[in-house]
Amino acid sequence: MNAEIGHWGRQVGMALAMAATASVATAASSWALLPQPADMRLAPSGVVKIADGARVAVRAADLQQVQPVVDRFVQLVANTRGLQLHPAATSDAHPAITFEVDPHAKVAGDSGYRIEVGAEGIRVIARAPGGAFYGGVTLWQLLTPPGWVRGVPAEVAEGTIDDHPRFEWRALLLDSGRHFQSVADIEKLIDWMSLDKLNVLLWHVTEDQGWRLEIPKYPELTKTGACRKAVGLDIELTGAADEPYCGFYTEAQVREIVRYAADRFVTVVPEIDLPGHSQAAVAAYPWLGVTGKRPSVWTNWGISPWLLKPDEKTLQFVDDVLDEVMRLFPSKYISIGGDEADKQQWNASPELRERLQKLGLANMDQLQGWFMSRIADHLVEHGRRPVGWDDELVAGEKLPASQVVMTWHGNEVALRAAAQGHDVVMAPTASLYFDYYQSDLPDEWPGQPPTTTLRQGYDTTAIPPGATAADSKRVIGVQGNLWTEYVPTFARAQHALYPRIAALSEVGWSSSDAHDWNGFLKRLPAELARYRALGIGYADSAFAPAFDVTAGSKGMLHVALANQANFGEIRYTTDGSAPTSTSTQYAQPLEFSPAGKVTLRAATFASGGFELAATRTQVLDASTLLTRNSSELASCSNQPGSRLGGKQPAQGPRPVYKVNVGDMCWLWRHAPLAGIERVTLTVERAAWRFGDEAREAVVRPKAGPAGEFEIHADSCVGPLLARLPLAPAVPGDGQHQLNAMVSKSKPNDARDLCIVATGDPRDGQWMLARAEFSK
């Protein structure tokens, strides 16, 4: 038989019955589905086996719409599970898998589906192609349970699943303005997000740092606005400092991405950010700005004051752009931004103050409201619906009545939007900004502060506390956001998004009653195995072992191991070998003598042996307590620092630094200084491109022409213990080591230290990799 379907729950004979019971228990426990379906009912017994060569039937009135869905499911199973499924013949009465699409099927909505697993095989039932697609995703997960092995037949416990999404808007925002992604990478992301049942890609294609969308009527938008001077790590991407950083999407490429997404039931919603985040547009056409001057396309990050000028000529430009956008994007939603409009230039303009008076408006926020309402009306007249951010609600003003509001400022603003009659998309910074870094581990990748963990993403409140029944109906979904200031490559994007997208998926799809952090963690290893099979470079930050090394009794080193999620088994070795799932399991703190040298290596595994986090290493010797990396140091401002990437060395990983941008200052609490004679600092200088922090930059007087690092005891104005001149370090030249003698300390071996770099950070932000003392 090409399709081997085993129904083992009714075998005769005690031995076979016992074997069947074991198989059912294994299959039943392996219903590790994510997001959690609305309703699952396991049968008392029985499993279905799907082997290589199993037959798949399609029964639908509109095969042209459904067959491609099934073909993609078959290809997905082949690519990941290694099982080759084949089309069933029309004469095949008992195919292994059947997709049935019937407009009258008893499922919830066009995205809903039912899966029946029984003696006759597996049926995926839907009333529309979208439901068949999502049912196929769940079936793929049933075929890839915990511990699955490529090429080995899959066993699925008998039972029934009825499922449908909680929210209609399950979105991911991708910022292509600050850093540009290839069409191929965007299509990969669309593939992957659709398998987590996300259905909206909010595509941010205009920014201060680059206009990325071809508009034939205004060619300078891409000729000038799509390129900026390469600064900092952008030079690594362009290959040379005199090679600009450029990129935009042609009309043909946009149509291809929109088509590709639609085939996977993802709607691409474009975002043309107005009136702010428009410096690139003004650089292309200076008459769009207030001053009439031509700025450069911005190389800094932050909020630029180069807004569009709110007049009739600019409105005609915007209408022209949106007309082209509507031709390219069939989505009923179009985002017009409206966020972070720094009105410095508006406030300084006599012309705009006169316009304000003529329109009878009280302030520049109301002028923005007038401008955005005109734009929203144009979209509504063309049968589209505007989407935008909540900033003007925060300012106390109103948004266009037709606008869907994406709220990033929190629950109170979301409630205000709902009360004013707006539909609301929850996109909170505190939990769904995926450009924020995921842990304080020394090897955590670059990102903006603060730490936003997997747990925070999972615990996102989709319905604001205090919402009335009417308010709750106004919430149409949730949205994760990937802003790309610190995400220059697709590898960085994968690390930032995954596995936090899995948390977003469950918040957006599953019922609030299904919220269960521990249950989510138990189901996650199977999902991570699927990510690996898909080639997703996800972060293991939530499960990575962290080493807490302190001074123990009798001069010993006391080592405690833990991970952020408090999940999995931490296994370790002390001989330098990589831990496996059978290595010694960590159960209590360890102690080592600093007289020798021990290489402690640890990794985290799920109960079935799946590696949740790769091996981390801690060398333990006499220098361990005398060394701190920047992740282990506090900032002098008590604010969470940014994680900035350094220059890629010829060998080894790229360094990452914990930095309080604008304040080159670090604190080492209770540093052990008894007997210390020398200090070594490993440092690197980064180009300044942090617009927002410029106003609050802390400038410290230099003792030498190039500045220096200084180490003070007790406070940042306390006794000077060491001064390390910066003359040997060249900006942009990678890491350098600075060495100095240390002034004799008091006999007390524990003092607070302040480590500072002098000079103006706007001339180049100094970053500290580690501080090492020696005797």
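Read on for a plain summary of the structure.

Cut-offs applied
- Residues numbered from 1 in each chain as written.
- Predicted model: local features only at pLDDT ≥ 70, side-chain atom pairs only at ≥ 80, totals over all residues.
- Heavy atoms only, no water.
- Core = buried A, V, L, I, M, F, W, Y, C linked by side-chain atoms within 4.5 Å.
- Buried < 20%, exposed > 50% of the residue type's maximum accessible area, 1.4 Å probe, protein only.
- Contact = heavy atoms within 4.5 Å.
- Helix = DSSP H or I, 4+ residues; strand = E, 2+ residues; numbered from the N terminus.
- Polar contact = N/O pair within 3.5 Å; in protein donor to acceptor, adjacent residues only side chain to side chain.
- Pairing = 2+ DSSP bridges.
- 1 Å grid on protein atoms, 1.4 Å probe; cavity = no way out; pocket = protein on both sides within 12 Å on 5 of 7 lines; lining within 4 Å.
- Points joined across faces, edges and corners; volume = space filled by probe spheres on them.
- Nonpolar A, V, L, I, M, F, W, Y, C, P; charged D, E, K, R; others polar.
- Salt bridge = Lys/Arg side-chain N within 4 Å of Asp/Glu carboxyl O.
- Phe/Tyr/Trp six-rings, centres within 6.5 Å; stacked < 30°, edge-to-face > 60°.
- Lys NZ or Arg CZ within 6 Å of the ring centre and 35° of its normal.
- Disulfide = S-S within 2.5 Å.

Moving on, we get to the nonpolar core. Trp211, Leu213, Leu221 and Phe543 are the most contacted members of the largest nonpolar core, which totals 112 residues. The contact partners of Leu221, leaving out residues within four places of it in the chain, are Trp211, Ile215, Ala226, Ala281, Ala284, Tyr285, Phe317 and Val321. Core analysis: the second largest hydrophobic core is formed by 40 residues, Val56, Val70, Leu83 and Ala157 among them.

Of note, Ser541 is situated in the loop between helix H20 (517-534) and strand E20 (546-551). Exposure remark for Ser541: the relative accessible area of 4% places this residue in the buried category. One polar contact links Ser541 to Glu444, side chain to side chain, over a distance of 2.7 Å. In contact with Ser541, not counting residues within four places along its chain, are Gln438, Ser439, Leu441, Glu444, His495 and Gln564.

Across the sheet, which stays open at both edges, the five strands sit in the order E28-E31-E36-E33-E34 with antiparallel pairing between neighbours. For this open sheet the edge positions go to strand E28 (634-635) and strand E34 (720-725), each flanked by a neighbour on one side alone. Pairing between strand E33 (residues 708-713) and E34: five bridges, direction antiparallel. In the strand pairing of E34, Glu710 is matched with Arg723.

Its boundaries defined by the atoms lining it, the largest pocket holds a volume of some 1,400 Å³. Every residue lining the largest pocket is counted, 41 residues in all, and those nearest its centre are Pro442, Asp443, Thr617, Asn629 and Glu632. Going through the elements one at a time, E20, strand E26 (611-620), strand E27 (627-629) and strand E37 (765-774) are the ones with two or more residues in the lining of the largest pocket. Among the elements that take part in the lining of the largest pocket, E20 stands out by supplying five residues, more than any other. Grouping the constituent residues of the lining of the largest pocket by class yields 14 nonpolar, 15 polar and 12 charged. Taken as a whole, the second largest pocket encloses approximately 910 Å³ of empty space.

Pairing is possible between side chains of opposite charge, provided their charged atoms come close. Tallying each qualifying case throughout the model produces 41 salt bridges. A salt bridge links Arg416 to Glu412, with the nearest nitrogen and oxygen atoms 2.7 Å apart. In this pair, Arg416 and Glu412 are both assigned in helix H14 (residues 411-419), four residues apart and thus about one turn of the helix distant. Between Glu527 and Arg530 there is a salt bridge, and its shortest N-O distance comes to 2.7 Å.

Relative to the assigned elements, Thr627 resides in strand E27. Using a relative accessible area of 22% as the deciding quantity, one classes Thr627 as partly exposed. Separated by 52 residues in the primary sequence, Thr627 and Val679 place their C-alpha atoms 9.7 Å from one another. Non-local contacts of Thr627, meaning those with residues more than four positions away in its chain, are made with Glu632, Trp668, Ala771 and Glu772. Polar contacts involving the side chain of Thr627 include one to the main-chain carbonyl oxygen of Ser623, which spans 3.1 Å.

Per the counting criterion, the structure on display carries 29 aromatic pairs. Centroid distance Tyr285 to Trp287: 5.9 Å. Interplanar angle 55°. Geometry classified as tilted. Classification of Tyr285 as buried rests on a relative accessible area of 13%. We classify Trp287 as partly exposed; its relative accessible area is 31%. With a centroid separation of 5.6 Å and 50° between ring planes, the pair formed by Tyr433 and Tyr436 is classed as tilted. Across this residue pair, the class does not change: Tyr433 and Tyr436 are buried. What links up through ring pairs into an aromatic cluster is the set Trp192, Phe490, Tyr498, Tyr531 and Tyr538. Between the NZ or CZ atom of Lys313 and the centre of the ring of Trp287, over which it lies, the distance is 4.4 Å. The residue whose ring lies beneath Arg643 is Tyr437, and the NZ or CZ to ring-centre distance is 6.0 Å.

As enumerated under the stated definition, the model contains three disulfides in all. One disulfide bridge connects Cys227 with Cys246, the sulfur atoms lying 2.0 Å from each other. Handedness here is read from the sign of the S-S torsion; for Cys227 and Cys246, about 120°, the answer is right-handed. In this pair, Cys227 sits in strand E12 (residues 227-228) while Cys246 sits in strand E13 (residues 245-246), placing the two residues 19 residues apart along the sequence. Judged by relative accessible area, Cys246 falls into the partly exposed class, the value being 36%. Cys716 shares a disulfide with Cys754; S-S distance 2.0 Å. On the sign convention where negative is left-handed, the bridge of Cys716 and Cys754, at about 90° about the S-S bond, is right-handed. Here Cys716, found in the loop between E33 and E34, pairs with Cys754, found in strand E36 (residues 750-757); they are 38 residues apart in sequence, far enough to count as distant. The class for Cys716 is partly exposed, based on a relative accessible area of 32%. Of the residues examined, Cys754 reaches a relative accessible area of 0% and is grouped as buried.

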